[in-house]
Amino acid sequence: MSELQSHTGVGIMRCYQCGKCTAGCVLAPDMNFPPSYLMRLLQTGTKENYEKILSSNSIWLCLNCENCLGRCPMEIDIPKLMDYLRTQSIKTQKIHPDARPIISFHQSFLDSIKYTGRLYEMGLIAAFKARTFRLTQDMNIAPAMYLKGKLHLLPEKIKDRRSMKRIFAQTIENTKKENQ
Ligand code: SF4
Ligand code: SF4
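Residues numbered from 1 in each chain as written. Chains lettered and ligands numbered in written order. Predicted model: local features only at pLDDT ≥ 70, side-chain atom pairs only at ≥ 80, totals over all residues.

J.: Help me understand unusual backbone geometry in this model?
T.: Only a minority of non-glycine residues have a phi that is not negative, and only a minority of peptide bonds are not trans. Here Glu66, not a glycine, exhibits a phi torsion of approximately 70 degrees, which is positive. With respect to the secondary-structure elements, Glu66 resides in the loop between α5 (58-61) and α6 (67-71). Taking the number of C-beta atoms within 10 Å as the measure of exposure, Glu66 has 13 and is therefore partly exposed. One non-glycine residue, Phe133, adopts positive backbone phi at about 60 degrees. Mapped onto the elements, Phe133 comes out in the loop between α9 (121-132) and α10 (142-147). Phe133 gets classed as exposed once you count the C-beta atoms within 10 Å, which come to 9. (Helix = DSSP H or I, 4+ residues; strand = E, 2+ residues; numbered from the N terminus. Buried ≥ 20, exposed ≤ 12 C-beta atoms within 10 Å, placed from the backbone.)

Written as C-alpha coordinates, this is what we have:
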(Lines give C-alpha, C1' and ligand atoms only; values in the text may rest on other atoms or scores of the structure.)
(Ligands and ions follow the chains in the order given, each with its own letter.)
Protein backbone atom coordinates (compact mmCIF):
# COMPACT_ATOMS: atom_id res chain seq x y z
CA MET A 1 0.00 0.00 0.00
CA SER A 2 2.84 2.39 0.86
CA GLU A 3 4.13 1.54 -2.63
CA LEU A 4 0.89 2.91 -4.06
CA GLN A 5 1.32 6.12 -2.06
CA SER A 6 4.98 6.52 -2.93
CA HIS A 7 4.28 6.02 -6.65
CA THR A 8 1.26 8.30 -6.86
CA GLY A 9 1.80 10.73 -4.00
CA VAL A 10 -1.91 10.44 -3.20
CA GLY A 11 -2.79 10.44 0.50
CA ILE A 12 -5.48 7.78 0.62
CA MET A 13 -5.95 8.12 4.39
CA ARG A 14 -7.23 11.67 3.92
CA CYS A 15 -10.48 10.34 2.46
CA TYR A 16 -13.24 10.66 5.04
CA GLN A 17 -15.93 8.86 3.04
CA CYS A 18 -18.15 11.81 2.25
CA GLY A 19 -19.21 10.06 -0.96
CA LYS A 20 -19.09 13.14 -3.21
CA CYS A 21 -16.83 11.35 -5.68
CA THR A 22 -19.27 8.49 -6.11
CA ALA A 23 -22.23 10.86 -6.40
CA GLY A 24 -20.53 12.65 -9.29
CA CYS A 25 -19.15 9.61 -11.11
CA VAL A 26 -21.23 8.65 -14.16
CA LEU A 27 -19.73 5.16 -14.19
CA ALA A 28 -20.25 4.44 -10.49
CA PRO A 29 -23.48 2.41 -11.00
CA ASP A 30 -21.62 0.01 -13.32
CA MET A 31 -18.51 -0.35 -11.18
CA ASN A 32 -17.88 -3.29 -8.86
CA PHE A 33 -16.61 -0.69 -6.39
CA PRO A 34 -17.62 2.96 -6.86
CA PRO A 35 -14.80 5.44 -6.14
CA SER A 36 -15.54 6.12 -2.46
CA TYR A 37 -15.94 2.37 -1.81
CA LEU A 38 -12.66 1.76 -3.60
CA MET A 39 -11.00 4.38 -1.38
CA ARG A 40 -12.29 2.62 1.71
CA LEU A 41 -10.95 -0.73 0.49
CA LEU A 42 -7.55 0.88 -0.07
CA GLN A 43 -7.60 2.37 3.41
CA THR A 44 -8.01 -1.05 5.00
CA GLY A 45 -4.52 -1.84 3.72
CA THR A 46 -5.18 -5.56 3.41
CA LYS A 47 -3.73 -7.64 0.59
CA GLU A 48 -7.12 -9.27 0.07
CA ASN A 49 -8.88 -5.95 -0.54
CA TYR A 50 -6.06 -4.69 -2.73
CA GLU A 51 -6.37 -7.77 -4.91
CA LYS A 52 -10.14 -7.30 -5.08
CA ILE A 53 -9.53 -3.85 -6.50
CA LEU A 54 -6.96 -5.08 -9.03
CA SER A 55 -9.45 -7.74 -10.19
CA SER A 56 -12.40 -5.34 -10.37
CA ASN A 57 -13.93 -3.64 -13.37
CA SER A 58 -13.88 -0.25 -11.55
CA ILE A 59 -10.32 0.63 -12.50
CA TRP A 60 -11.06 -0.07 -16.17
CA LEU A 61 -14.42 1.63 -16.42
CA CYS A 62 -12.97 4.83 -14.98
CA LEU A 63 -12.74 7.44 -17.75
CA ASN A 64 -10.23 9.67 -15.95
CA CYS A 65 -12.78 12.46 -16.37
CA GLU A 66 -11.66 13.99 -13.04
CA ASN A 67 -15.21 14.72 -11.84
CA CYS A 68 -14.35 12.99 -8.58
CA LEU A 69 -11.19 15.04 -8.16
CA GLY A 70 -13.08 18.26 -8.83
CA ARG A 71 -15.74 17.38 -6.24
CA CYS A 72 -13.49 15.99 -3.52
CA PRO A 73 -13.16 18.34 -0.52
CA MET A 74 -9.76 16.74 0.20
CA GLU A 75 -8.59 17.01 -3.43
CA ILE A 76 -7.81 13.32 -3.58
CA ASP A 77 -6.57 12.42 -7.04
CA ILE A 78 -8.58 9.25 -7.71
CA PRO A 79 -7.84 9.27 -11.49
CA LYS A 80 -4.12 9.11 -10.68
CA LEU A 81 -4.77 6.15 -8.39
CA MET A 82 -6.80 4.48 -11.14
CA ASP A 83 -3.90 4.84 -13.58
CA TYR A 84 -1.52 3.19 -11.15
CA LEU A 85 -4.00 0.43 -10.27
CA ARG A 86 -4.51 -0.38 -13.95
CA THR A 87 -0.78 -0.88 -14.47
CA GLN A 88 -0.66 -3.08 -11.37
CA SER A 89 -3.65 -5.07 -12.57
CA ILE A 90 -1.86 -5.81 -15.84
CA LYS A 91 1.44 -6.51 -14.11
CA THR A 92 -0.13 -9.02 -11.71
CA GLN A 93 -2.42 -10.47 -14.42
CA LYS A 94 -5.59 -9.78 -12.49
CA ILE A 95 -7.43 -8.09 -15.32
CA HIS A 96 -11.22 -8.24 -15.08
CA PRO A 97 -12.81 -9.92 -18.14
CA ASP A 98 -14.82 -6.72 -18.85
CA ALA A 99 -11.54 -4.92 -19.31
CA ARG A 100 -10.21 -6.92 -22.25
CA PRO A 101 -12.01 -4.95 -24.98
CA ILE A 102 -11.11 -1.72 -23.17
CA ILE A 103 -7.43 -2.67 -23.21
CA SER A 104 -7.71 -3.66 -26.87
CA PHE A 105 -9.18 -0.25 -27.62
CA HIS A 106 -6.37 1.51 -25.73
CA GLN A 107 -3.74 -0.51 -27.59
CA SER A 108 -5.34 0.16 -30.97
CA PHE A 109 -5.60 3.87 -30.19
CA LEU A 110 -1.97 4.07 -29.12
CA ASP A 111 -0.80 2.14 -32.20
CA SER A 112 -2.54 4.70 -34.38
CA ILE A 113 -0.83 7.58 -32.60
CA LYS A 114 2.52 5.81 -32.60
CA TYR A 115 2.62 5.12 -36.34
CA THR A 116 0.84 8.17 -37.77
CA GLY A 117 1.07 10.79 -35.03
CA ARG A 118 -2.71 11.20 -35.30
CA LEU A 119 -5.84 9.21 -34.73
CA TYR A 120 -6.55 7.15 -37.86
CA GLU A 121 -10.12 5.99 -37.29
CA MET A 122 -10.16 3.24 -39.93
CA GLY A 123 -6.93 1.76 -38.57
CA LEU A 124 -8.23 2.01 -35.02
CA ILE A 125 -11.47 0.22 -35.88
CA ALA A 126 -9.69 -2.49 -37.90
CA ALA A 127 -7.13 -3.13 -35.16
CA PHE A 128 -9.81 -3.17 -32.46
CA LYS A 129 -11.95 -5.64 -34.40
CA ALA A 130 -8.98 -7.87 -35.10
CA ARG A 131 -8.03 -7.89 -31.43
CA THR A 132 -11.54 -8.57 -30.15
CA PHE A 133 -12.92 -10.68 -33.03
CA ARG A 134 -15.92 -8.30 -33.21
CA LEU A 135 -15.64 -8.31 -36.96
CA THR A 136 -19.19 -7.42 -37.93
CA GLN A 137 -20.25 -5.34 -34.92
CA ASP A 138 -21.40 -1.79 -35.87
CA MET A 139 -20.50 -2.35 -39.52
CA ASN A 140 -23.92 -0.98 -40.54
CA ILE A 141 -23.00 2.54 -39.38
CA ALA A 142 -19.71 2.67 -41.29
CA PRO A 143 -21.20 3.89 -44.66
CA ALA A 144 -23.05 6.79 -42.99
CA MET A 145 -19.93 7.77 -41.06
CA TYR A 146 -17.87 7.64 -44.24
CA LEU A 147 -20.36 9.83 -46.13
CA LYS A 148 -20.28 12.37 -43.30
CA GLY A 149 -16.50 12.53 -43.56
CA LYS A 150 -15.94 10.88 -40.17
CA LEU A 151 -13.88 8.02 -41.62
CA HIS A 152 -10.92 8.48 -43.93
CA LEU A 153 -9.60 5.68 -46.09
CA LEU A 154 -5.98 6.79 -45.75
CA PRO A 155 -4.28 8.02 -42.59
CA GLU A 156 -3.09 11.59 -42.14
CA LYS A 157 0.47 11.52 -40.91
CA ILE A 158 2.52 14.10 -39.07
CA LYS A 159 5.89 15.03 -40.55
CA ASP A 160 8.08 14.09 -37.61
CA ARG A 161 6.97 10.54 -36.89
CA ARG A 162 10.40 9.58 -35.57
CA SER A 163 9.91 11.88 -32.59
CA MET A 164 6.61 10.21 -31.86
CA LYS A 165 8.28 6.79 -31.90
CA ARG A 166 11.00 8.14 -29.61
CA ILE A 167 8.36 9.36 -27.13
CA PHE A 168 6.81 5.89 -27.06
CA ALA A 169 10.18 4.17 -26.66
CA GLN A 170 11.15 6.55 -23.84
CA THR A 171 7.81 6.03 -22.08
CA ILE A 172 8.18 2.25 -22.25
CA GLU A 173 11.72 2.54 -20.90
CA ASN A 174 10.62 4.81 -18.03
CA THR A 175 7.74 2.46 -17.14
CA LYS A 176 10.13 -0.51 -17.04
CA LYS A 177 12.44 1.39 -14.68
CA GLU A 178 9.52 2.42 -12.43
CA ASN A 179 8.35 -1.18 -12.22
CA GLN A 180 11.76 -2.62 -11.31
S1 SF4 B 1 -12.26 9.95 -12.96
FE2 SF4 B 1 -13.08 7.87 -12.93
S3 SF4 B 1 -13.75 7.54 -10.84
FE4 SF4 B 1 -13.50 9.74 -11.11
S5 SF4 B 1 -15.53 10.49 -11.71
FE6 SF4 B 1 -14.41 10.08 -13.60
S7 SF4 B 1 -14.95 7.99 -14.15
FE8 SF4 B 1 -15.53 8.27 -11.99
S1 SF4 C 1 -14.96 12.89 -2.35
FE2 SF4 C 1 -12.88 12.66 -1.52
S3 SF4 C 1 -13.13 12.58 0.70
FE4 SF4 C 1 -15.14 12.21 -0.22
S5 SF4 C 1 -15.31 9.96 -0.36
FE6 SF4 C 1 -14.51 10.68 -2.30
S7 SF4 C 1 -12.28 10.58 -2.10
FE8 SF4 C 1 -13.16 10.47 -0.05
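Here the narrative resumes.
J.: Before we go on, may I ask you to explain the site of ligand 2 in this structure?
T.: Around ligand 2, a shell composed of 15 residues is seen, among which Cys15, Cys18, Cys21, Ser36 and Cys72 lie nearest. Breaking the shell around ligand 2 down by element, the ones donating at least two residues are α2 (20-24) and α3 (35-44). At three residues, α3 tops the list of elements feeding residues into the shell around ligand 2. Looking at the shell around ligand 2, its residues break down into ten nonpolar, three polar and two charged. (Near = placed C-beta within 6 Å. Nonpolar A, V, L, I, M, F, W, Y, C, P; charged D, E, K, R; others polar.)

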